[in-house]
Structure formats: structure tokens, C-alpha cells
Amino acid sequence: MDEGELVEYFRTQMSQDPDVASAVAAIRSLLEFLKRDQSETILGLRENLTKAIGRLQEADSSVAVSSGGELFLRFISLTSLENPDLSQCRNVMIERGELFLKKISLSRGKVAKLCHTFIKDGAKILTHSSSRVVLKVLESAAADKKRFTVYVTESQPDSAGKLMADKLRRLNIPVTVVLDAAVGYIMEKVDLVIVGAEGVVESGGIINKIGTYQMAVCSKAHNKPFYVVAESFKFVRLYPLNQQDVPHRFKYKAHTLKTAEDLNQEHPIIDYTPPSLITLLFTDLGVLTPSAVSDELIKLYFYQTYRRQSESRGLAEEESLPAAASMNRCEWTEQKEQSGLRAATLLSSVDLLLQVSFAAFSSPHPAASCTMLLELKARMSYRSVLRSVSNSSTVRLVRKR
């Protein structure tokens, strides 16, 4: 299966089922690619999968395709450590891939089950653009015999909100389409705001359709709850501090990235909403506060993988040491027993501290530096982390001077 066939298969999945998430379509395509791949080594198989994910990202620049592809590869690739035989390795990879696909296909229903209980009878709800998860939440609330009214922004430039309104009308849910510029005007009438997300970043903020940020700001000003509904496969390893920190590959459509001569003349299709403006996130992992996202992301990308590895070796869960993200500034030594999730969380926190501190002190704008450090304050305490490192019997941090 070459790259052209891969992209065509992905587009076919999207066209055949309009309700399928782009990440789910991407994972279906990767699973089909895995079944047809003719690699002769485990390393070659992994490299081909990595290239296939990159090719899908070029075809669809959404955050969900990027995060979903990376999670899929992490979920299935541990088998390369357990099964040196290529045919057996491929079979286990396919088996795990199908299990992963089955789990994420059920995630939208889990989110709806958690969130619709927060919709009270007679509520007035504001939402933005078109979101399949939001639609599922509202459908579940309507099926529970709740009466409510929905206001949806038209969401220029593609008028996706009008498409959302048509779907709600087919469910016999009262809906009104409002101008994007009327968010501030309509906010005083509504009881809560529910939006989807294209991506959930490490800080607990979200990346979503352009206009979400201004809606969150208005919601905060009017003291209205701002809820986010998103599947866990949209959790992405990014830590933006402002709009400029979001990579261009997510801000613009794939076609625009290929053809535009000057991206400054193009309108971005997404924006970043910081965690300080978000009340709660409803995911298939549970109901989370923004500050809890980082811990769940660590579990998602690292902890579950190493727990499975420990179980395969017959070790208890607390006896395994989860690996964490590659660190260019630190080395970790003296790995001992009883490390558990605490060690992985500590490593991620110190790494985050170094990243944000470096960005803050190298910033030419003092106000921006203060903002960066204040956002960090919600996650951790500098002294407590260093004290934990110095007192820990499980790990020792060696700084390169």
C-alpha cells in the first residue's frame, strides 16, 4: 500500500461516513496500511508507519489526525519489544490496533453520557461551529426528555454552524443561528456554553475552530460555565502559551499550506483557548479540570505502555518505572523500585519547568514573561519539585551545566 493509496483510503473513509472523526478515519487507514505492509524487519515496519502518519498529516492538517496517529503508534509498537519474530509481531500489532480502534470508536458515547447530565431542563445553551461530540451530547439530553434551547454561531468562513443547526432541527431541538460577532450580545441570555475541541493541549487548554477563544472570554466575563467535550485521542503533546505558539500546520488547512505564498495573508482556521477560561472538560477518561489534563496525558502516552510491559514481565504495577518524554536538558539515573507514576509526573513537571522558565526569561516582553510563569504556577511549585527531586530515593536529577 503506497502513500497515494493510503491517502485515497483515508478520503474514502471520510466520504463514506460523514459522522466519522478524522482521527478514527486516519487510524482505520493506518490499520489497513499495517495489514498490507511488506516490511522485512520490525524497524522497517515502524519507520513505514511513521512515514504513513506523516503523509496523513499532510493530507489533513487537523490536530486530531496528528495526536490520534501518534497514540495509535505508541499503543501498538510495544509489541516490537516483546516479540522479536516479525510475523508474530505484525499479528499482535494488528490485534492491538483493532482493539485501539474499537475503544476510540466508543469514546463519543462515553463523553455524551457524562456531559448531558449537566444540562438542566429549560437550559439555554450556546455552542460554536459544528461538533460531532457536542451534537451527540445534545442528542443524549433530548433523548432523556430534557427541554432546552440551543444558540449556535454561524462560524465563518465555512458557515459550519448552519450545518450544525440543520442537524439539531432534524432532532427536533429548538435552535437559533447567531452571528459570530453577536457572541457578546447573546451571552447574557444563555446558561452555559458547550464546545468541542480539535485538540486538548498539556496545559488543559484547547485548540478549536477560530472564534472559540473570544467565546470563552465572553463566557468568563459573564460568569457562565464554559464546558469542553472531547475524546482522549485528541490529547496532544503541545504546550502553547499564546496564539503564536500554535504550529502553522494546525492553523491552516493542508491545501493552504501547500499553495499559499504568504501565510500572513491567510486566515487561521483555529485558535487557542487557555485553561484559565475553561470550567470543565468532559472526556471518555472522565470529567477533568484543566489542571488534571497533564496527568492524564502522561498516563495516555507513557504510563499505560510501561504498565503493560511490566505486566508482561510478571511485575506488580507499582514496581515498574514509566518512561517519560525524551529530555534534552536532563538525565535520569538510579532508577529503583516503587517509582510508579510519581516519577513520570515529576520528570514531566521538571521538564515543563525548564521549558517555560527558559521561554519566560528569554522573552523580550516582561509582561509575556510574567504570564508564562503565572500559567506554570497552576501546575506546580518550583521549590516543591526541586525538594522532591533532592529527597527522592527513586531518582536523581543530574543537570548538565
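Given the structure is predicted, the values throughout are model-derived calculations rather than measurements.

Calculation notes
- Residues numbered from 1 in each chain as written.
- Predicted model: local features only at pLDDT ≥ 70, side-chain atom pairs only at ≥ 80, totals over all residues.
- Heavy atoms only, no water.
- Core = buried A, V, L, I, M, F, W, Y, C linked by side-chain atoms within 4.5 Å.
- Buried < 20%, exposed > 50% of the residue type's maximum accessible area, 1.4 Å probe, protein only.
- Contact = heavy atoms within 4.5 Å.
- Helix = DSSP H or I, 4+ residues; strand = E, 2+ residues; numbered from the N terminus.
- Arc of directions from axis to C-beta.
- Pairing = 2+ DSSP bridges.
- Axes fitted to C-alpha atoms, helices over the stretch in contact; angles between N-to-C directions.
- Salt bridge = Lys/Arg side-chain N within 4 Å of Asp/Glu carboxyl O.

S.K.: What should I look at first to understand the nonpolar core in this one?
M.R.: Where a protein is soluble and globular, its nonpolar side chains tend to be buried together. In terms of nonpolar packing, the biggest core is built from 60 residues, with Leu34, Leu126, Val200, Ile206, Met215, Phe226 and Val228 touching the most fellow members. Setting aside residues no more than four positions away along its own chain, Met215 makes contact with Leu126, Thr127, His128, Thr153, Val183, Met187, Val193, Val195 and Phe226. If you look at the next biggest cluster of nonpolar residues, it comprises 26 residues, including Val133, Val150, Ala165 and Val175.

S.K.: Looking at this structure, how should I read helix α7 (residues 107-115)?
M.R.: Two residues of an α-helix separated by three or four positions point the same way, owing to the 3.6 residues in each turn. Taken together, the buried positions of α7 are occupied by Ser107, Arg108, Val111, Ala112 and Cys115. Down the axis of α7, the buried set is contained in an arc of 140 degrees. They therefore lie on one face. Residues of α7 that are buried make contact with α6 (86-105), α8 (132-143), β4 (192-195), β7 (226-229) and β9 (280-283).

S.K.: Help me understand the sheet that holds strand β6 (residues 206-209), please; the structure alone is not making it clear to me.
M.R.: Backbone hydrogen bonds are what pair the strands of a sheet, in a parallel or an antiparallel way. Here 3 strands make up an open sheet; going across it, the order is β5-β6-β8 and the pairing antiparallel. The open sheet has two free edges, formed respectively by β5 (199-200) and β8 (270-273), since each of these has just one partner strand. Sheet topology places β6 next to β8; 4 bridges connect them, and they run antiparallel. By the bridge assignment, Ile207 is partnered in β8 with Tyr272. Strand contacts of helix α11 (residues 212-221): β6 and β8, with the helix running at about 35 degrees to β8, the strand carrying the most contacts.

S.K.: I'm lost on the pattern of salt bridges in this one. Help?
M.R.: Here the idea is simple: oppositely charged side chains can pair when their charged atoms come close. The tally for this structure, following the rule as stated, stands at 12 salt bridges. In this structure, the salt-bridge partner of Arg55 is Glu58, at a minimum N-O distance of 3.6 Å. On the criterion of helical spacing, the pair formed by Arg55 and Glu58 is a turn pair, its members being 3 residues apart in helix α3 (residues 42-59). Here Glu58 falls in the partly exposed class, since its relative accessible area comes to 46%. The partner of Asp121 in a salt bridge is Arg147, with the nearest N and O atoms 2.9 Å apart. Note that Asp121 is positioned in the loop between α7 and β1 (123-127) and Arg147 in the loop between α8 and β2 (148-153), a separation of 26 residues in sequence.

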